[in-house]
Amino acid sequence: MSAPDTTTDIPDEVRARHTELCQELDDHSYRYYLGTPVISDAEYDTLMRELVGIEDSYPALVTQDSPTQKVGAPLSTDFAEVEHLVRMESLGNAFDVDELNAWADRTSAEVPVSGYLCELKIDGLAVDLVYERGRLVRAATRGDGRVGDDITLNVRTIAAVPERLDESVRPAPELLEVRGEVFLPVEDFGRLNERITASGEHTPFANPRNAAAGSLRQKDPRVTATRPLSMIVHGVGAYSPAKDGGEDVAFTSQSQAYRLLGEWGLPLSDRYKVVTTMDQVREYVSYYAAHRHEPAYEIDGIVVKVDDFALQRRLGSTSRVPRWAIAYKYPPEEVTTRLLDIKVGVGRTGRVTPYGVMEPVVVAGSEVEFATLHNAREVERKGVLVGDTVVLRKAGDVIPEIVAPVVDRRDGTERAFTMPEFCPECGTRLGQQKEGDVDLRCPNARSCPGQLRERLFFVASRKALDIEALGYVAATALTQPLEPAEPPLRDEGDLFDLTVDKLLPIRTYVLDPDTTEPKTDPKTGEPKVVSFFANKKGEPKKTVEKLFEQLEEAKSKPLWRVLVALSIRHVGPRAAEDLARHFRSMDAIREADEEELAAVDGIGPTIAASIREWFSVDWHAEIVRKWAAAGVRMEDEDDGSRPRHLEGVTVVVTGSLERFTRDGAKEAIAERGGRATASVSKKTGFVVVGDSPGSKYDKAVKLGVPVLDEEGFRVLLEAGPDAAAAMRINPEPEETES
């Protein structure tokens, strides 16, 4: 009796969608391979997961030609084909901790796993290298996993790839096939794009991965040689045992293989880690989720492997992926979306900045609708047109940025952006602050409502006076109220003279939280208007009381915070701390000449000139006078109650402390004459670590800088460096004989 024909049970719409997905994924896979993708990795993963779901429900649709059964992309016809000695497999993906745990449960149910190797998943191009008798004889792309393209001449231009293996420790194998990832360091990516733009070679690359792929696929190796590519090895294919004193030495585990590969001079990551439990795996995953941008290269996840090679062989592989490894994928930081318009915004210094208005899209875990384009020259450099499909990037907490257009998606309806001649907030003609400046600025600094709004919002920010009740909407209401109310603030000098009577008449639009446009009344079609500081009875809202409480607290903030709040160009928290520590009062800073200011450690001529220029403006000086009259602290008194025993000492605070906020710790250091910095160097006096200290702790240990816990930090503040040095939690560096 013949088996039932299960293909007849598949709905026509499912079969059609399956065919459509297969064709679409094959096309995107080929474009990715060539380094010219038109969708993001996240969009590709979504399509692939949909296809996997269909094939799981209808197994009869699975064929050898399905993208779920293939590795990599179709081969290029521009390079000779090379057959890999051992098939190059792709990796299965886990998109959340539950999927990672499920993989671990399946694996441990089959074999007794005693160790996992965790390493970073570099967002580059997979490459296969073959060494014979220690000499590089061939390099190839992954291709379809069995056959790749011969790129030997191009790979030989990569400085990190040894032409001959180092046999000073032990002889190299007769045959050694290794796999790795070729990448372009993030720092070099920007410089490469600048060079490409300046020369007019072609459209700048959208990201480092595309740049690496495009560079490796150059027909002329001399072009590849001009690209600063690098490589990290992460696997072994075919090999013959190495010799050690006449004895054969075989690979027994991933970590042992890495040690041997390192001895032969092959480039390895210094960030992989061997652990024994899944709790430790999850800690590794969490750490790099928070420190994703520490490495010099881009990563899009973590690879977890069963370390023992014997167990890897027992677990085996499916037709496409190994069962002994999995890639944990982080939420994407790059997506594609449509650029609906380019508008401009006015900043607190008058700088007019273009920004993109896009179809809302989720990137790095949050919905994004706006993204910066920096300046008109940057719009031109990136070649972005209104209507383009664009690559959008949001790295960690950084403001979303439009990286590049997807040129292949253009249909001819796109249009170029033209920078406006006049300020969109006050109508003043825009201009350059100085000749050659790439930024256009509105010169109407005092009266431009946009600049005042941004400055007022900055005054209330955490890095300045930290007035939580004065948010962006409140700053808008105070500077741009609806008629008949007059703005209660002519400039930020009036902030501490606010009264309830000045606030109650202020009305503003009710904004739609999704579009930030005014909501309309369904009956009248007119924008909805509400009293911002008054309730329906005309009485002050509770937020008014909170605002005045916080304004009173702000008056006692240290001098450096007041300096930051003044929005003096180039004077951020660090420069403000240096100035306050040296001069101790606003009067002394105002009266100092440019030479005296520039002589302060950490200031220099540019900041000094900016300070003198700021104080030379009458209405700027009036802001300081008004704040002082209102009781704002204008000097850091030194009554001798606090010792200044941290003079000349730099301290880095990292991780979470129990008894100090980050700002509180910095202020405690500054009050004792010390300097709080963000980066660790040989000149750093102490590194204070709390919970989850990250890489700064590792760097301090490497450099031999004294590391203190919170108790050691307390001793440093109370008793000084000598007493604290005895409480360091890392060993002192050993002295070496000269």
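Above this text sits the structure in question.
All values reported here derive from a predicted model rather than from experimental measurement.

### Describing the overall build of the protein
Reasoning step 1: Per the secondary structure count, the protein includes 25 helices and 25 strands.
Reasoning step 2: Taking the principal axes of the C-alpha coordinates as reference, the protein spans close to 90 × 80 × 50 Å.
Reasoning step 3: Looking at the protein as a whole, 48% of its 738 residues are labelled buried.
Reasoning step 4: Within the protein, counting contacts between residues at least 6 apart in sequence, those at least 24 apart form 66% of the total.
Reasoning step 5: Surface exposure of the protein reaches about 36400 Å², of which carbon and sulfur atoms provide 48%.

### Here's the deal with the environment of I589
Reasoning step 1: For I589, the location among the structural elements is in helix α18 (residues 586–591).
Reasoning step 2: With relative accessibility at 0%, the residue I589 sits in the buried group.
Reasoning step 3: Distance from I589 to L563, taken between C-alpha atoms, is 9.9 Å for residues 26 residues apart in sequence.
Reasoning step 4: Setting aside its immediate chain neighbours within four residues, I589 contacts L559, L563, L579, F583, L597, I611, R612 and F615.

### Some details on the packing of aromatic side chains
Reasoning step 1: Per the counting criterion, the structure on display carries 14 aromatic pairs.
Reasoning step 2: Note on F251 and W264: the rings are 6.3 Å apart at their centroids and 70° apart in plane angle, and the pair reads as edge-to-face. Within this pair, whereas F251 is found in the loop between β10 (247–249) and α8 (254–263), its partner W264 is found in the loop between α8 and β11 (273–275), the two being separated by 13 residues in sequence. Comparing F251 with W264 shows no difference in burial state: the two are buried.
Reasoning step 3: Note on F496 and W627: the rings are 5.7 Å apart at their centroids and 85° apart in plane angle, and the pair reads as edge-to-face. Of this pair, F496 sits in the loop between α13 (472–479) and α14 (500–503) while W627 sits in helix α21 (residues 618–630), and the two are 131 residues apart along the sequence.
Reasoning step 4: By relative accessible area, which is 10% here, F496 ends up buried.
Reasoning step 5: By relative accessible area, W627 is classed as buried at 0%.
Reasoning step 6: Looking at R348, its charged tip hangs above the ring of F458, at a distance of 3.5 Å from the centre.

### Observations concerning the sheet that holds strand β2 (residues 93–94)
Reasoning step 1: Spatially, β2-β13-β12-β3-β11 is the arrangement adopted by the five strands of the open sheet, whose pairing is mixed. The sheet is open, and its two edges are formed by β2 and β11, each paired on a single side.
Reasoning step 2: Bridging between strand β3 (residues 116–122) and strand β12 (residues 299–306) involves seven bridges; their strand directions are antiparallel. Note on β12: the bridge partner recorded for I122 is I299.

### Thoughts on the environment of A238
Reasoning step 1: For A238, the location among the structural elements is in strand β8 (residues 230–239).
Reasoning step 2: Distance from A238 to R87, taken between C-alpha atoms, is 9.4 Å for residues 151 residues apart in sequence.
Reasoning step 3: Among all residues touching A238, those that are not within four sequence positions of it are L85, V86, L175, L176 and E177.

### Here we look at the sheet that holds strand β5 (residues 135–141)
Reasoning step 1: Reading across the sheet, the four strands line up as β5-β4-β7-β8 and stay open at both edges, with antiparallel pairing between neighbours. A strand with exactly one partner marks an edge of an open sheet, and here the two such strands are β5 and β8. Adjacent strand axes in the sheet meet at a mean angle of 25°, parallel and antiparallel pairs treated alike.
Reasoning step 2: Taken together, the eight bridges between strand β4 (residues 125–132) and strand β7 (residues 175–183) define a ladder with antiparallel strand orientation.

### Structural notes on the packing of helix α12 (residues 449–459) against α13
Reasoning step 1: In contact at an axis separation of 9 Å, α12 and α13 are set at 135° when each is read in the N-to-C sense. In terms of their interaxial angle, α12 and α13 are classed as oblique. Where α12 crosses over α13, the two elements pack in a sense that is right-handed. Residues P449, L452, R453, E454, L456 and F457 of α12 lie in contact with α13, whose contacting residues are Y472, A475, T476, L478 and T479.
Reasoning step 2: Residues of the contact of α12 with α13, tallied by class, amount to seven nonpolar, two polar and two charged.

### Overview of a negative patch on the surface
Reasoning step 1: Taken together, the side chains of D593, E594, E595 and E596 define an acidic patch exposed on the protein surface.
Reasoning step 2: Here E594 lies in helix α19 (residues 594–598).
Reasoning step 3: By relative accessible area, which is 40% here, E594 ends up partly exposed.

### Some words on the packing of helix α3 (residues 97–110) against helix α9 (residues 278–290)
Reasoning step 1: It is at 12 Å that the axes of α3 and α9 come closest, and there the two elements cross at 145°. In this structure, the crossing between α3 and α9 has a hand that is right-handed. Residue-level inspection shows V97, L100, N101 and A104 of α3 in contact with α9, the latter providing M278, V281, R282 and V285.
Reasoning step 2: Here the residues of the contact of α3 with α9 are counted per class, giving six nonpolar, one polar and one charged.

Conventions and cut-offs
Residues numbered from 1 in each chain as written. Predicted model: local features only at pLDDT ≥ 70, side-chain atom pairs only at ≥ 80, totals over all residues. Heavy atoms only, no water. Helix = DSSP H or I, 4+ residues; strand = E, 2+ residues; numbered from the N terminus. Buried < 20%, exposed > 50% of the residue type's maximum accessible area, 1.4 Å probe, protein only. Contact = heavy atoms within 4.5 Å. Areas by Shrake-Rupley, 256 points an atom, 1.4 Å probe, with all protein chains shown as cover. Phe/Tyr/Trp six-rings, centres within 6.5 Å; stacked < 30°, edge-to-face > 60°. Lys NZ or Arg CZ within 6 Å of the ring centre and 35° of its normal. Pairing = 2+ DSSP bridges. Axes fitted to C-alpha atoms, helices over the stretch in contact; angles between N-to-C directions. Parallel < 35°, antiparallel > 145°, perpendicular 65-115°, else oblique. Left-handed = near helix turned anticlockwise from the far one by under 90°. Nonpolar A, V, L, I, M, F, W, Y, C, P; charged D, E, K, R; others polar. Patch = residues over 30% accessible without salt bridge, like charges linked within 9 Å, V, L, I, M, F, W, Y side chains within 5 Å. Salt bridge = Lys/Arg side-chain N within 4 Å of Asp/Glu carboxyl O. Lys, Arg positive; Asp, Glu negative; His and termini not counted. Charge placed at Lys NZ, Arg CZ, Asp CG, Glu CD.

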